[in-house]
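Residue-level structural notes
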2 protein chains.
Amino acid sequence: MEEPRELLQTLARQFGLLNKTCCQISGVDISLIHSHILYEIGRQDTPSMQKIAERLGIDITTFSRQIQSLIKNKLVKKTASPEDRRVYLLSLTTEGKFVAASIDKIMDDYLDDVFSFMNDFEKETVMRSLQLLNMSMQKSKMCCTPMG
Amino acid sequence: MEEPRELLQTLARQFGLLNKTCCQISGVDISLIHSHILYEIGRQDTPSMQKIAERLGIDITTFSRQIQSLIKNKLVKKTASPEDRRVYLLSLTTEGKFVAASIDKIMDDYLDDVFSFMNDFEKETVMRSLQLLNMSMQKSKMCCTPMG
DNA sequence: GTAAATACTTGTAAAATGCAAGTATTAATT
DNA sequence: AATTAATACTTGCATTTTACAAGTATTTAC
């Protein structure tokens, strides 16, 4: 089957991941990576730097500087862990939570729009398929860095 | 439904698009963007610069320099169009074709591995779902830059 | 109690980015 | 036919991003 490659390639592009600029929320420019970082911090309980960087597959030194920039923009807070003082725990500030929620809203609207072209059955099938695909990608030994 | 956002977010990450380094083929380092450019040139008939840049959603000035780098690496050729001398037509060199084919191979292997966790019915369903999703994304007015 | 490992930061140099302003060519207007 | 506007692409910046190597600080292992 020749199709899958074309599909994935297009899909990857559809996500808009090639262009760096993500969005502007309440006057602050949010890059794509910042949005991913905010998303992940938001749904974890005071994760360490390592944890988020690893989850996103970003080099830890690059991540360190990205976090510095997010802190400068007052979207993220860094607290020394009381248990292990090498570790810094990350959390969203009030403004960070607001920005993360705004991005969620944008994405939800987008997804609503995308799914509006499907009937309920198709919607359900697509969702299950994406789940299955995600799981399979995770199972694959080549996962996440087929190109790395 | 809360799930779609999480699914898409994860899926986007699974594609490994956050990390820039793509692969090394016959001694040449290929960045993620280069691989996308090679892919698109490869499946179009001597497209113009504009066309590829637009399709990939890359700023034309950035693209211009990326092409320069690909030409320096002897992967891409730029020919002045005889019809409109403002236009440059892009094509892959022999080496460029080889590199593009190598990337195809890597991706195909990856996809084979991913689909090996599914039975034929699931495989078929997932493929159809991705197709439907792609089409719906294209139909959406917000397409391609929900964050732009 | 010293060595090794871990978590994170900084120096630096290379690459990528995008706006503004440029060149060259073609199309549109008068 | 001559000027203007539009298009296709390039270059000059100044900024941002990147990742390797080398650093600090703390904790774990022996």
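Helix and strand content of chain A: six helices and four strands. The N-to-C order of helical and strand elements in chain A reads α-β-β-α-α-α-β-β-α-α. Taken over 148 residues, chain A has a buried fraction of 49%. In chain A, the share of contacts with a sequence separation of at least 24, taken over all contacts with a separation of at least 6, comes to 44%. When the accessible surface of chain A is summed, it comes to about 7900 Å², and 51% of that surface belongs to carbon and sulfur atoms.

Inspection of the region around DNA strand C gives 20 residues, with Q50, S64, R65 and K78 of chain A together with R65 of chain B positioned closest. Take the atoms of DNA strand C that sit within 4 Å of the protein: sugar and phosphate atoms are 66% of them. Within the contact set of DNA strand C, a base oxygen lies 2.5 Å away from a side-chain nitrogen or oxygen of R65 of chain A. Elements supplying a minimum of two residues to the surface near DNA strand C: helix 3 (49-56) and helix 4 (60-72) of chain A together with helix 4 (60-72) of chain B. Classifying every residue of the surface near DNA strand C gives four nonpolar, eight polar and eight charged.

With respect to spatial proximity, 20 residues lie near DNA strand D, and among them R65 of chain A together with Q50, S64, R65 and K78 of chain B are the closest. What you see for DNA strand D is that sugar and phosphate hold 68% of its atoms within 4 Å of the protein. One nitrogen or oxygen atom from the side chain of R65 of chain B is found 2.6 Å from a base oxygen belonging to DNA strand D. Broken down by secondary-structure element, the contributors of at least two residues to the surface near DNA strand D are helix 4 of chain A together with helix 3 (49-56) and helix 4 of chain B.

Quick look at the pattern of salt bridges now. A complete count under the given rule lists ten salt bridges over all chains for this structure. The salt bridge involving D109 of chain A is made with K105 of chain A; its shortest N-O contact spans 2.8 Å. Of this pair, D109 of chain A and K105 of chain A both sit in helix 5 (residues 94-115), four residues apart, which is roughly one turn of the helix. Given the relative accessible area of 29%, D109 of chain A is considered partly exposed. A salt bridge links R55 of chain B to E40 of chain B, with the shortest nitrogen-to-oxygen separation between them at 2.9 Å. Here R55 of chain B, found in helix 3, pairs with E40 of chain B, found in helix 2 (residues 32-42); they are 15 residues apart in sequence, far enough to count as distant.

Residue and element names in this part refer to chain A. Where helix 2 (residues 32-42) contacts helix 3, the two axes come as close as 10 Å, and the packing angle between them is 125 degrees. The angle between helix 2 and helix 3 falls in the class oblique. Crossing handedness for the pair helix 2 and helix 3: right-handed. Taken together, the residues of helix 3 that come into contact with helix 2 (itself represented by H36, I37, E40 and I41) are I52, R55 and L56. The residue makeup of the contact of helix 2 with helix 3, split by class, is four nonpolar, one polar and two charged.

Cut-off values and rules
Residues numbered from 1 in each chain as written. Chains lettered and ligands numbered in written order. Predicted model: local features only at pLDDT ≥ 70, side-chain atom pairs only at ≥ 80, totals over all residues. Heavy atoms only, no water. Helix = DSSP H or I, 4+ residues; strand = E, 2+ residues; numbered from the N terminus. Buried < 20%, exposed > 50% of the residue type's maximum accessible area, 1.4 Å probe, protein only. Contact = heavy atoms within 4.5 Å. Areas by Shrake-Rupley, 256 points an atom, 1.4 Å probe, with all protein chains shown as cover. Near = heavy atom within 4 Å. Polar contact = N/O pair within 3.5 Å; in protein donor to acceptor, adjacent residues only side chain to side chain. Nonpolar A, V, L, I, M, F, W, Y, C, P; charged D, E, K, R; others polar. Salt bridge = Lys/Arg side-chain N within 4 Å of Asp/Glu carboxyl O. Axes fitted to C-alpha atoms, helices over the stretch in contact; angles between N-to-C directions. Parallel < 35°, antiparallel > 145°, perpendicular 65-115°, else oblique. Left-handed = near helix turned anticlockwise from the far one by under 90°.

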